[in-house]
Amino acid sequence: MLRRIRVALGRLLAVALGLLCLPLACRERPVPLIGSALGSTFNSAVRLALEDATQGNGAVLVDTLLLAESSSIAASAIELASTLLGHPNIVAVIGHTNSSASLAAAQLYNDAKVVELAPTSTAQLYSSAGPFSFRMVPPDQRQGRVLAQAVAQERPTGARVAVLYVNDDYGRSLRSVVSAALDSLQLPIVAELPHLDSPGRARTVLGDIASVIQARPNAIVWLGRPTTLRAVLPAIRSALGPIPVLASDATTSWTFGGNVDGALTDVRYVDFVDLDATPEGRDFRERYRARFGGIPGAGEALAYDAMRVLIEAVRSGARTGDEVRRFLDDLGRGRPAFQGVTGPITFSIQGDMRRDPILLRIPAPESLAVVPP
């Protein structure tokens, strides 16, 4: 029989999909609930995972509740977490959208013994958030080394680095590890500029960019999102010429906005998955685009795999948050790694994904074929 569709109340936007439940199993043990608290494109990837899980493999013993996270501030994350934890039989949550939100909600999930599986949160502090905190990416320390080494390759002598970072948990954490990695390679930072990713803030960042230009850096490290970078990069390049720009993993979301104006061309950015590199990645990208429109990035693929691995935990017999936690801990140890579209999935004892960051380059507009979302 079909489980009833669950919906969120009040001002929270929700998308829910009930999966099949075997009647006998439902009577014997409560049906576990998997929730999500993510942005719209990530939730679309979770929906695709749910649809795929129902094809060809019989029943899946799980209920789902997908909540759209429109803000990454702590209060919003805590509100969403509280809503999800208010539902009986919840065993895991995919979320939240970024490090700030994931950290804000982590204590609630750990106290409730519910697994939090964050698709893209990289802040160092998340590694010590608790035994129920897992993530699909490695922590910032690895990313910091990759960015510093890329600067060293671009400017082997006479490097003068400007670090521009978003002033939140994600940006501050990454700034700290990038600064340490640059210092270890004796690459001087000649300017730093924090900014906020919120409506109307790009204009302020653009006004403040004069201090960076006056420092005459010959390499830019951008620790933030592509929307603000697109607003300030033309002014930087106009003043400093074709300066190398090395950007953090938050820049991966450029794929949905595209690069129609060419402002982001040749920016090199950290990613954790190259969807073009494998048949599984290419297939996911094309199926996502056909189903929802827009070109997905690594974040969407990681959200997809997060739901698939949690469904696999339930298939294996997990019916509580603690049983899901033990399943994830056992991947690559007592049981084989889970094979996702992003590659093998196993976690460290801190709950961090075992994968290495890579560097990709944003191509020129003429080489892109973006389908509007």
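Before going into details, it helps to say that this report is about the structure given with it. (Residues numbered from 1 in each chain as written. Predicted model: local features only at pLDDT ≥ 70, side-chain atom pairs only at ≥ 80, totals over all residues. Heavy atoms only, no water.)

1. Re the overall build of the chain
From N to C terminus, the chain includes twelve helices and 14 strands. For the chain, with 373 residues in total, the buried portion stands at 55%. Of the contacts formed within the chain by residues at least 6 apart in sequence, a portion of 71% connects residues at least 24 apart. A total of about 15,400 Å² of accessible surface is found on the chain, and carbon and sulfur atoms cover 53% of it. (Helix = DSSP H or I, 4+ residues; strand = E, 2+ residues; numbered from the N terminus. Buried < 20%, exposed > 50% of the residue type's maximum accessible area, 1.4 Å probe, protein only. Contact = heavy atoms within 4.5 Å. Areas by Shrake-Rupley, 256 points an atom, 1.4 Å probe, with all protein chains shown as cover.)

2. A closer look at the packing of helix α2 (residues 40-53) against helix α10 (residues 279-292)
The relative placement of two packed helices comes down to the angle between their axes together with the axis-to-axis distance. For the pair α2 and α10, interaxial distance at closest approach is 11 Å and the crossing angle is 105°. Judged by the inter-axis angle, α2 sits roughly perpendicular to α10. Here T41, S44, A45, R47, L48, E51 and D52 of α2 lie close against α10, whose contacting residues are F284, R287, Y288, R291 and F292. When the residues that make up the contact of α2 with α10 are grouped by side-chain class, the tally is five nonpolar, two polar and five charged. (Axes fitted to C-alpha atoms, helices over the stretch in contact; angles between N-to-C directions. Parallel < 35°, antiparallel > 145°, perpendicular 65-115°, else oblique. Nonpolar A, V, L, I, M, F, W, Y, C, P; charged D, E, K, R; others polar.)

3. A word on the pattern of salt bridges
Taken as a whole, this structure holds 18 salt bridges when the rule is applied. In this structure, R285 and E286 form a salt bridge, with 3.2 Å as the shortest nitrogen-oxygen distance. Assessed through its relative accessible area of 16%, R285 is described here as buried. Linking D322 and R325 is a salt bridge whose minimum nitrogen-to-oxygen distance equals 2.9 Å. Of this pair, D322 and R325 both sit in helix α12 (residues 321-330), separated by three residues, roughly a single helical turn. Within the structure, one salt-bridge network assembled from shared partners comprises D276, R285, E286 and R289. (Salt bridge = Lys/Arg side-chain N within 4 Å of Asp/Glu carboxyl O.)

4. Some details on the packing of aromatic side chains
Overall, the coordinates contain five aromatic pairs when judged by the stated rule. Relative to Y288, the ring of F284 has its centre 5.9 Å away and its plane inclined at 50°; by these criteria the two rings are tilted. Placement of both F284 and Y288 in helix α10 is noted, with a separation of four residues, approximately one turn of the helix. A relative accessible area of 0% places F284 in the buried class. (Phe/Tyr/Trp six-rings, centres within 6.5 Å; stacked < 30°, edge-to-face > 60°.)

5. Remarks on the environment of Q214
Checked against the element boundaries, Q214 lands in helix α7 (residues 201-214). The class of Q214 is exposed, set by a relative accessible area of 64%. In sequence terms Q214 and L240 are 26 residues apart; their C-alpha atoms lie 9.7 Å from each other.

6. Quick notes on the sheet that holds strand β10 (residues 245-247)
Taking strand neighbours across the sheet as the criterion, the six strands line up as β8-β7-β9-β10-β11-β14 in an open arrangement whose pairing is mixed. Of all strands in the sheet, those with a lone pairing partner are β8 (189-195) and β14 (358-361), marking the two edges. Looking at each pair of strands side by side, their axes are set apart by 20° on average, direction ignored. Pairing of strand β7 (residues 161-166) with strand β9 (residues 219-223) involves five bridges; the strand directions are parallel. Residue V163 lies in a different strand from β9, and its bridge partner there is V221. Contacting β7, β9, β10, β11 (268-271) and β14, helix α5 (residues 140-154) runs over the sheet at an angle of about 170° to β10. (Pairing = 2+ DSSP bridges.)

7. With respect to the packing of helix α3 (residues 74-85) against helix α4 (residues 99-112)
Put simply, α3 and α4 touch, their axes get as near as 8 Å, and they point 30° apart. Taken as axis vectors, α3 and α4 run roughly parallel relative to one another. Crossing hand, α3 versus α4: right-handed. Together, A74, A77, I78, A81, S82, L84 and L85 of α3 and A101, A104, A105, L108, Y109 and A112 of α4 make up the contact between the two elements. (Left-handed = near helix turned anticlockwise from the far one by under 90°.)

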